[in-house]
Every structure is written in C-alpha cells, then in structure tokens.
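This is what each chain is made of:
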Amino acid sequence: MARARSDSPLLFEMVEKPDFSVETKAMADGLWPVAGMDEAGRGPLAGPVVAAAVVLNPANIPEGLDDSKRLTHLQREALFVKILGSALSVSMASISAEGIDNSNILKASLEAMRRAAAGLSLQPKLALADGRDVPPGLACEGRALIKGDQRSQSIAAASIVAKVMRDRMMSGCGGHHEHYGFEVHMGYATVRHRTAIEAHGPVARLHRASFAPFRLGGVEVEEEESFAGLE
C-alpha cells in the first residue's frame, strides 16, 4: 500500500551552498582559469553599482563562501580578507550614479562586471556571471548562472568582494553627507533615507536621478532588492 504524501512543511528547509563543481567541469573541458563575476547595488537610490571578478585558487578555497546577502557584515568582512589573501586574482570596478543615469541599471551592472573581468591580472578562459545575462564585450567565453552566487564559489566570492567594497564606499559617503545615513542603509530606499531626501533633497552625482522617486517627484519607490545582510 502506497504511503500517503504528507502536506506538512519540512521542519528544516534545505539551504543549498555554492560549490566548485561548475569550475571543476570547466577545468576538465580545458577552460581554465575560471572567473566568477557579480555586482552589488542594483536596487539602491544612491551610489554606484560595484562589480567584482575573482579567480579562486582550487587548492585554497576559503571556507564559508556564500551569497553575500546570506552573510552578516562581520562574516563578509572576514571572508573578504580571506579571498584577497588566497585568490589567484581579484579585480573590482564601479559605475557611478551618473553612469547609471546615462544608460540604465542593467547595462551599468553588466558593464561594471565586464570592466572587473578585464582588470584581472590572470586572463580567464571562462567568466561566470550571476544572473540571466552575460556582460557584452568579454575577452573570453561567458556564461550566466541564475542564482549563481548560491551555486558557484567563484561567483559567491565575487559577490562578497563587491558588497564589501560598495558598503565601504557608501560608509564614506555617510561621513560627507551626515543627514542621509548612507553608512546605515547603503543608499537603499529605507524610511530614514526617503525622509532625508524629502527634508534635504537629493545629493548631486550621488543619487540616481533616473530612478522612480526622482523622476516622479516623490520618494516612494518599489524596492528592487532585499535588505538582508545590511546589518
């Protein structure tokens, strides 16, 4: 007699962790080095979009690599140091708020990833991009991996580097524009940030003039990214 299928929720939800299997398969196919690419800052109302490209050392992969949004601030900072100390090559690039306004956030994100890959000291034969799109103009083969930062350790490493670097940039902005609290919300559309914009107006060349609250003359915005990991 067949056992009835339970409709009760699982007590513990299985959380997939990134591994090195995509990179290992590429190596077997003769595609090495392999770079992982990711960006941080697509959703905020202010600041640049920052991308990173990382070529990990297969013999020295830091423990704990994961999607940066699933890590705490302290975990990201610790892994950032480990990645820079162990990776074969790391590169970062950014597109300013003005650059985003002159194109759009998708194009700017892909261009930042392309620039990060181009800046690697070790030329990759394959570049893995988080998401649905491969940055145009890569000097090597490119592949897009949906939820790549939760599947590939190379992309996860890039997501951490990009997030840490962008957070540091926005913290610096907070020191120059103390009314806005950039060091807390990193430019995302929090209540504190929207209230500051209402009271003091947008900051030239820092706020993204092409984003909805500025185009429409208000501060309400549909937030495009989770606030997870902003602690």
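This one's a predicted model, so the numbers in the text were calculated from it and none came from an experiment.

Rules behind the numbers
Residues numbered from 1 in each chain as written. Predicted model: local features only at pLDDT ≥ 70, side-chain atom pairs only at ≥ 80, totals over all residues. Heavy atoms only, no water. Phe/Tyr/Trp six-rings, centres within 6.5 Å; stacked < 30°, edge-to-face > 60°. UniProt positions renumbered as here; feature names shortened; annotations may be inferred. Helix = DSSP H or I, 4+ residues; strand = E, 2+ residues; numbered from the N terminus. Contact = heavy atoms within 4.5 Å. Axes fitted to C-alpha atoms, helices over the stretch in contact; angles between N-to-C directions. Left-handed = near helix turned anticlockwise from the far one by under 90°. Nonpolar A, V, L, I, M, F, W, Y, C, P; charged D, E, K, R; others polar. Pairing = 2+ DSSP bridges. Buried < 20%, exposed > 50% of the residue type's maximum accessible area, 1.4 Å probe, protein only.

J.: Quick question: what am I supposed to make of the packing of aromatic side chains here?
T.: Each aromatic ring pair is characterised by the separation of its centres together with the angle its planes make. A full pass over the atoms with the stated rule returns one aromatic pair. Summarising the aromatic geometry, the rings of tyrosine 180 and phenylalanine 182 are spaced 5.4 Å apart at their centres and angled 10° between planes, so their arrangement reads as stacked.

J.: Could you clarify how one ought to interpret the UniProt feature "binding site: a divalent metal cation" (unreviewed entry) in the protein chain in this entry?
T.: Taking the numbering used here, the UniProt-annotated feature "binding site: a divalent metal cation" (unreviewed entry) corresponds to Asp38, Glu39 and Asp130. Taking the farthest pair of C-alpha atoms as the criterion, the annotated set spanning 93 residues converges on one region, since that pair is 8.1 Å apart. Topologically, glutamate 39 is positioned in strand β1 (residues 34-40). Discounting residues that sit within four places of it in the chain, glutamate 39 has contacts with Val49, Val50, Ala51, Ser109 and Ala162.

J.: What's the story with the packing of helix α2 (residues 73-86) against helix α5 (residues 153-176) in this structure? I'm lost.
T.: Axis separation between α2 and α5 bottoms out at 9 Å; the angle between their running directions is 115°. Here α2 and α5 pass one another in a crossing that is left-handed. Facing α2, whose interface residues are Arg76, Glu77, Leu79, Phe80, Ile83 and Leu84, α5 presents Ala157, Ile160, Val161, Lys163, Val164, Met165, Asp167 and Arg168. Here the residues of the contact of α2 with α5 are counted per class, giving nine nonpolar, no polar and five charged.

J.: How should the sheet that holds β1 be read in this particular structure?
T.: Across a sheet, paired strands are connected by hydrogen bonds in the backbone, their directions being either parallel or antiparallel. Taken in spatial order, the five strands line up as β3-β2-β1-β4-β5 in an open sheet, and their pairing is mixed. Two strands bound the open sheet, and with one partner strand each, they are β3 (89-95) and β5 (141-145). The mean angle between the axes of side-by-side strands here comes to 20°, regardless of whether they run parallel or antiparallel. By the bridge criterion, five bridges tie strand β4 (residues 126-130) to β5 in an arrangement that is parallel. Across the sheet, alanine 127 pairs through a bridge with glycine 142, a residue of β5. Sheet contacts for helix α4 (residues 105-118): β1, β2 (49-55), β3 and β4; angle to β3, the most-contacted strand, approximately 150°.

J.: Just to check I follow, could you spell out the pairing of β3 for this structure?
T.: On a regular strand, each side chain points to the face opposite its neighbour's, so the side chains alternate between the two faces of the sheet. Side chains Ser89, Ser91, Ala93 and Ile95 project from β3 onto a buried face, and the interleaved Val90, Met92 and Ser94 project onto a face without burial. Direction of pairing for β2 relative to β3: antiparallel, over a ladder of seven bridges. Across the sheet, valine 49 pairs through a bridge with isoleucine 95, a residue of β3.

J.: Hey, could you run me through unusual backbone geometry in this one?
T.: Backbone phi values are negative for most residues with the exception of glycine, while trans is the configuration of most peptide bonds. Between tryptophan 32 and proline 33 the backbone carries a cis peptide bond, its omega angle lying at 5°. Structurally, the position occupied by proline 33 is in the loop between α1 (21-28) and β1. We note that lysine 147 has phi near 55°; this positive angle belongs to a residue other than glycine. Topologically, lysine 147 is positioned in the loop between β5 and α5.

J.: Can you walk me through the environment of tryptophan 32 in this structure?
T.: Topologically, tryptophan 32 is positioned in the loop between α1 and β1. When the C-alpha positions of tryptophan 32 and glutamine 123 are compared, they lie 9.2 Å apart, and in sequence the two are 91 residues distant. When residues no more than four places from it in sequence are discounted, the contact partners of tryptophan 32 are Phe20, Met27, Val55, Leu56, Pro58, Leu88 and Lys125.

J.: What exactly am I supposed to notice about the environment of glycine 201 here?
T.: Topologically, glycine 201 is positioned in the loop between α7 (191-200) and α8 (212-215). Judged by relative accessible area, glycine 201 falls into the buried class, the value being 17%. When the C-alpha positions of glycine 201 and phenylalanine 214 are compared, they lie 9.6 Å apart, and in sequence the two are 13 residues distant. With sequence-adjacent residues up to four places away left out, glycine 201 is seen in contact with Tyr180 and Ala196.

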